[in-house]
Amino acid sequence: MISFKQLPIEAKAAVAAGVVFFSMMLSRSYLAEKLDFRTRRWLLRLQMALFANTLMLMGSLHVWRSTVTTFTRSSAASSFCFMLWKIAVFMFLALAHSSFFTLLFLVAEEPYFFSLAAYTCLGAYIILIFFLFTLGSVEQAYKFLAGRGAKASTGNKNRTALKPVLSVLLTVVLTVVGLLNASQPPTVNSVEIPVHKLPSAMNNLKVVLLSDIHLGPTVGKTKLAMIVRMVKALKPDITVIVGDLSDAEAKIIRPAVEPLGELDSPLGTYFVTGNHEYYTSDVSNWFELLKSFNIQPLHNENVKIVSPKSASDWFCLAGVDDIEADVLRYSGHGMDLKKALRGCSSEHAIVLLAHQPIAAKWALQERPDINLILSGHTHGGQIFPLNAGAYLLNPFFVGLYQVGQNTFVYVSPGTMYYGIPMRLGSRAEITEIILRSP
């Protein structure tokens, strides 16, 4: 029988990841009611950071072997430049691994440089892993088709060296492009959506949709103030924030949230939770903070949006808690569509705020009379190569979808980004939605 010590380091990392994952499940179930609130919050974040790092360890070993060990038998292995290269690769991997811990220790009004560097390395790490795997697969396929798998030659050695060099070059180029894209202000995307049974007096009502701002280690007050200025310039009738506003506790990051107090949409500003609000384990304090800025959380509830022209013309704006609250067993929270739509009849238009597209799908299965659902969560994949995964995992990915004759779903690609300050194959967006009466 093989002992744990005899296992290869990749297998040890996999076992460690399994142990951490089991402890996470234990914390969410058996220990959930036995630990005090603050301890449970820190334990959950620490476990998530450790789980991500144990998984990353397997990839990091592959990166090291591909970019360092591969060249140890070359003539340049003893040179000073190769020593600097080894240090650079080690620092790169260390920064990428440390990114998850910045949520625990480095959250403030404005991002720390260390956090920005760490999450940039994490983004580059994801891209590099993808290219090493893809080019490695192409190399193996070539060997198989050429029938040279058993032969070692100078040509093979050159191709072995070419793979990490090409992977690193592609990673550097895409990382720079991604950083430049994310540093730009969000684009303003104007969309006209016909809403069945919307009163004619409310035709051309303007709703600004924000989503996935992710205040935290890499997004701070300056970026939020820029977003608020852009929203005010659009002069919306209603502003809605459909979750993932923050990755930190309300008390810690309160100074960064202050620009939200400048939002002054005449028919109100509304908020629903995303999965990351529940990761903070601080939803109640977030609700109170948002209320102090005249932003109304829709906690499985609805409001009547009444036309300024006629009190008899209105539609129902409802919001549901994010479905992650059910997964985390967050007390007093969880998606409750029946409660959220209480009093909303099919005689009036219904607009629903639901963070995740899968929640939008479930809502339409239960209440097909909903006319419009506004969601976020996907980030449009945020960076290559995660775009494909986000597309496959969500029933609605990005943009406007028509479901049936009188129902639409709009999914925002996010107003900022999560952690990694990069955008590849996606663009941050502030959505200006013009509601049209049929």
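Before any of the text, the structure's been laid out above.
Everything numeric in this text was worked out from a predicted model, so none of it was measured.

## Quick notes on the pairing of strand β9 (residues 372-375)
- What you see with β9 is no split at all: Leu 372 and Leu 374 on one side and Ile 373 and Ser 375 on the other are buried throughout.
- Of the strand pairs in this sheet, strand β8 (residues 350-353) and β9 are connected by three bridges, and their pairing is parallel. Paired with Val 351 across the bridge in β9 is Leu 372.
- Regarding the hand of the β-α-β motif, the stretch spanning β8, helix α13 (residues 357-366) and β9 is right-handed.

## Some points on the sheet that holds strand β4 (residues 269-272)
- Here we have six strands laid out as an open sheet, ordered β1-β12-β2-β3-β4-β5, and mixed in their pairing. Either end of the sheet is taken by a strand with one partner, and the two such strands are β1 (187-194) and β5 (295-297). Across the sheet, the mean angle from the axis of one strand to that of its neighbour is 25°, orientation sign disregarded.
- Sheet topology places β1 next to strand β12 (residues 429-436); eight bridges connect them, and they run parallel. Bridge assignment links Glu 192 to a residue of β12, and that residue is Ile 434.
- Seen against the sheet, helix α10 (residues 283-292) touches β4 and β5 and runs at an angle of roughly 150° to β5.

## What to know about the packing of helix α3 (residues 80-98) against helix α5 (residues 113-146)
- For the pair α3 and α5, the least separation of the axes is 7 Å and the interaxial angle reads 105°. The angle between the axes of α3 and α5 places the two elements in the roughly perpendicular class. Contacts between α3 and α5 involve Phe 92, Leu 93, Leu 95, Ala 96 and Ser 98 from the first element and Phe 114, Ala 118, Cys 121, Leu 122, Ala 124, Tyr 125 and Leu 128 from the second.
- In the contact of α3 with α5, the residues fall into eleven nonpolar, one polar and no charged.

## Quick look at unusual backbone geometry
- Each neighbour pair has its own omega, and for Phe 384 with Pro 385 the value is 10°, a cis peptide bond.
- Relative to the assigned elements, Pro 385 resides in the loop between β9 and α14 (386-393).
- The backbone of Lys 235 sits at a positive phi, close to 50°, despite the residue not being glycine.
- Mapped onto the elements of the fold, Lys 235 is located in the loop between α7 (221-234) and β3 (238-242).
- Positive phi values are uncommon outside glycine, yet Asn 294 reaches one of about 60°.
- Within the element layout of this structure, Asn 294 appears in the loop between α10 and β5.
- By relative accessible area, which is 66% here, Asn 294 ends up exposed.

## Structural notes on the state of the cysteines
- Going through the model one piece at a time under the given rule, you end up with one disulfide.
- Each sulfur in the disulfide pair Cys 316 and Cys 344 lies 1.7 Å from the other. Within this pair, whereas Cys 316 is found in strand β7 (residues 314-319), its partner Cys 344 is found in the loop between α12 (337-340) and β8, the two being separated by 28 residues in sequence.

## Thoughts on empty space enclosed by the protein
- Taken as a whole, this structure holds one cavity of 30 Å³ or more when the rule is applied.
- Residue lining of the largest cavity: Val 207, Ile 238, Val 240, Phe 315, Leu 317, Val 351, Leu 372, Leu 374, Ile 433 and Leu 435, and that is the complete set.
- Of all the secondary-structure elements, those providing two or more residues to the lining of the largest cavity are β3, β7, β9 and β12.
- Class assignment of the residues belonging to the lining of the largest cavity gives a composition of ten nonpolar, no polar and no charged.

## So, a nonpolar patch on the surface
- The grouping of Phe 80, Met 83, Leu 84, Ile 87, Phe 90 and Met 91 at the surface amounts to a nonpolar patch, some 640 Å² of accessible area in total.
- Position of Ile 87 relative to the elements: it lies in helix α3.

## So, the nonpolar core
- Grouped together as the largest cluster of nonpolar side chains are 40 residues, with contacts concentrated most on Ile 213 and Leu 260.
- For this core, the secondary-structure elements that each account for two or more residues are β2 (205-210), α7, α8 (250-257), α9 (275-279) and α10.
- For this core, the leading source of residues is α7, giving seven residues.
- When near neighbours in sequence (up to four residues on either side) are disregarded, Leu 260 contacts Leu 224, Val 228, Ile 241, Leu 245, Leu 290, Phe 293 and Ile 295.
- Grouped together as the second largest cluster of nonpolar side chains are 28 residues, Leu 205, Val 242, Leu 372 and Leu 374 included.

## Points about the pairing of strand β11 (residues 408-411)
- Burial of β11 is two-sided: the residues Phe 408 and Tyr 410 facing one way and the residues Val 409 and Val 411 facing the other way are all buried.
- The sheet contact formed by β9 and β11 spans four bridges and is parallel. Looking across to β11, one finds that Leu 372 is bridged to Phe 408.
- Two strands pair when backbone bridges link them, and strand β10 (residues 399-402) and β11 are joined in this way by four bridges, in the antiparallel orientation. Within β11, the position partnered with Tyr 401 by the bridge is Val 409.
- What sits between β10 and β11 in their antiparallel hairpin is a turn of five residues, with Gly 404 showing a positive phi close to 80°.

Parameters and conventions
- Residues numbered from 1 in each chain as written.
- Predicted model: local features only at pLDDT ≥ 70, side-chain atom pairs only at ≥ 80, totals over all residues.
- Heavy atoms only, no water.
- Buried < 20%, exposed > 50% of the residue type's maximum accessible area, 1.4 Å probe, protein only.
- Helix = DSSP H or I, 4+ residues; strand = E, 2+ residues; numbered from the N terminus.
- Pairing = 2+ DSSP bridges.
- Right-handed = clockwise from strand over helix to strand, strands pointing away.
- Axes fitted to C-alpha atoms, helices over the stretch in contact; angles between N-to-C directions.
- Contact = heavy atoms within 4.5 Å.
- Parallel < 35°, antiparallel > 145°, perpendicular 65-115°, else oblique.
- Nonpolar A, V, L, I, M, F, W, Y, C, P; charged D, E, K, R; others polar.
- Disulfide = S-S within 2.5 Å.
- 1 Å grid on protein atoms, 1.4 Å probe; cavity = no way out; pocket = protein on both sides within 12 Å on 5 of 7 lines; lining within 4 Å.
- Points joined across faces, edges and corners; volume = space filled by probe spheres on them.
- Patch = residues over 30% accessible without salt bridge, like charges linked within 9 Å, V, L, I, M, F, W, Y side chains within 5 Å.
- Areas by Shrake-Rupley, 256 points an atom, 1.4 Å probe, with all protein chains shown as cover.
- Salt bridge = Lys/Arg side-chain N within 4 Å of Asp/Glu carboxyl O.
- Core = buried A, V, L, I, M, F, W, Y, C linked by side-chain atoms within 4.5 Å.

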